[in-house]
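Architecture at a glance
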Amino acid sequence: MDIASRAAIVQMVDTFYERIGRDDVLGLIFNDVARVDWAVHLPKMYDFWESVLFGTATFKGNPLVVHQALARKTALTEGTFSRWIALFHRTVDDLFQGPVAEEAKRRASMIAATLQYRVNVDPSGRGD
């Protein structure tokens, strides 16, 4: 079954972040460094992915600013981003199949690459 509703997005996001929380590297970043308030974060991620995949305008926020602030507390390396994207892809593959699922993985990879670049290579955002 493909990702076809907000309920499917909730399932994807909840499963993904449950796995993040248990990951020996990413869990430390999310739980110990960022001290993510999951009750606040998860609904934002539902809105984010609904906006990305279904073109709704539900998400309000700036992921770049959040990740730049986090990078001042801990290294967000290529390995960190690679681990995040691998876990995201595995979660989507475990739960869904179809064109929207493939688009979710494609978009997540693009988002991760952009964040990695903007956090580590060009934090000013000027493109110098």
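Notes on the structure follow. Quick caveat: nothing in here was measured; it's all calculated off a predicted structure.

Quick notes on the overall build of the protein
Scanning the protein from N- to C-terminus turns up six helices and zero strands. Overall, the protein shows an N-to-C arrangement of helices and strands of α-α-α-α-α-α. A compact globule built from 128 residues would reach a C-alpha radius of gyration of about 14 Å, and the protein, at 14 Å, matches this within 12%. Among the 128 residues that make up the protein, the fraction classed as buried is 38%. In the protein, the proportion of contacts linking residues at least 24 apart, taken out of those at least 6 apart, comes to 73%. Approximately 7200 Å² of the protein is accessible, and the part contributed by carbon and sulfur atoms is 56%. Taking the average location of the 15 positive side-chain charges in the protein and that of its 16 negative ones, the two points are 5 Å from each other.

Quick word on helix α3 (residues 38-54)
With 17 residues, α3 should cover 24 Å at 1.5 Å per step; its first-to-last C-alpha distance of 23 Å lies within 8% of that length. Among all positions in α3, only His-41, Leu-42, Met-45, Tyr-46, Phe-48, Trp-49, Glu-50, Ser-51, Val-52 and Leu-53 are buried. Residues of α3 that are buried sit in contact with α1 (6-22), α2 (26-33), α4 (63-71), α5 (78-95) and α6 (99-121). By the N-cap criterion, in which a side-chain oxygen at the helix start approaches the backbone nitrogen of a residue two or three places on, α3 is capped by Asp-37, the distance to Ala-39 being 3.2 Å.

With respect to the nonpolar core
Within the largest apolar cluster, 36 residues are counted, with the highest numbers of intra-cluster contacts made by Ile-3, Val-13, Tyr-17, Trp-49, Trp-84 and Phe-88. Among all residues touching Ile-3, those that are not within four sequence positions of it are Ala-8, Ile-9, Met-12, Leu-53, Phe-54, Phe-96, Val-100, Ala-101 and Ala-104.

Digging into the pattern of salt bridges
One pass over the structure, following the stated rule, counts 10 salt bridges. Here Arg-106 and Glu-103 are joined by a salt bridge, their closest N and O atoms 2.7 Å apart. Residue Arg-106 and its partner Glu-103 are both found in helix α6; the two are separated by three residues, about one turn of the helix. Owing to a relative accessible area of 41%, Arg-106 belongs among the partly exposed residues under this scheme. Note that Glu-103 is salt-bridged to Arg-107, the shortest N-O span being 3.6 Å. Here Arg-107 and Glu-103 lie together in helix α6, a separation of four residues that amounts to about one turn. By relative accessible area, which is 24% here, Glu-103 ends up partly exposed. The exposure class assigned to Arg-107 is partly exposed, which follows from its relative accessible area of 26%. It is possible to trace a salt-bridge network through shared partners that takes in Arg-6, Asp-47 and Glu-50.

Quick notes on the environment of Asp-24
Here Asp-24 lies in the loop between α1 and α2. Residue Asp-24 is classed as exposed on the basis of its relative accessible area of 55%. Within the local environment of Asp-24, its side chain forms a polar contact with the side chain of Arg-83, the two groups lying 2.5 Å apart.

Conventions we followed
- Residues numbered from 1 in each chain as written.
- Predicted model: local features only at pLDDT ≥ 70, side-chain atom pairs only at ≥ 80, totals over all residues.
- Heavy atoms only, no water.
- Helix = DSSP H or I, 4+ residues; strand = E, 2+ residues; numbered from the N terminus.
- Rg over C-alpha atoms; globule rule 2.2 N^0.38 Å.
- Buried < 20%, exposed > 50% of the residue type's maximum accessible area, 1.4 Å probe, protein only.
- Contact = heavy atoms within 4.5 Å.
- Areas by Shrake-Rupley, 256 points an atom, 1.4 Å probe, with all protein chains shown as cover.
- Lys, Arg positive; Asp, Glu negative; His and termini not counted.
- Charge placed at Lys NZ, Arg CZ, Asp CG, Glu CD.
- Expected span 1.5 Å × (residues − 1).
- Polar contact = N/O pair within 3.5 Å; in protein donor to acceptor, adjacent residues only side chain to side chain.
- Core = buried A, V, L, I, M, F, W, Y, C linked by side-chain atoms within 4.5 Å.
- Salt bridge = Lys/Arg side-chain N within 4 Å of Asp/Glu carboxyl O.

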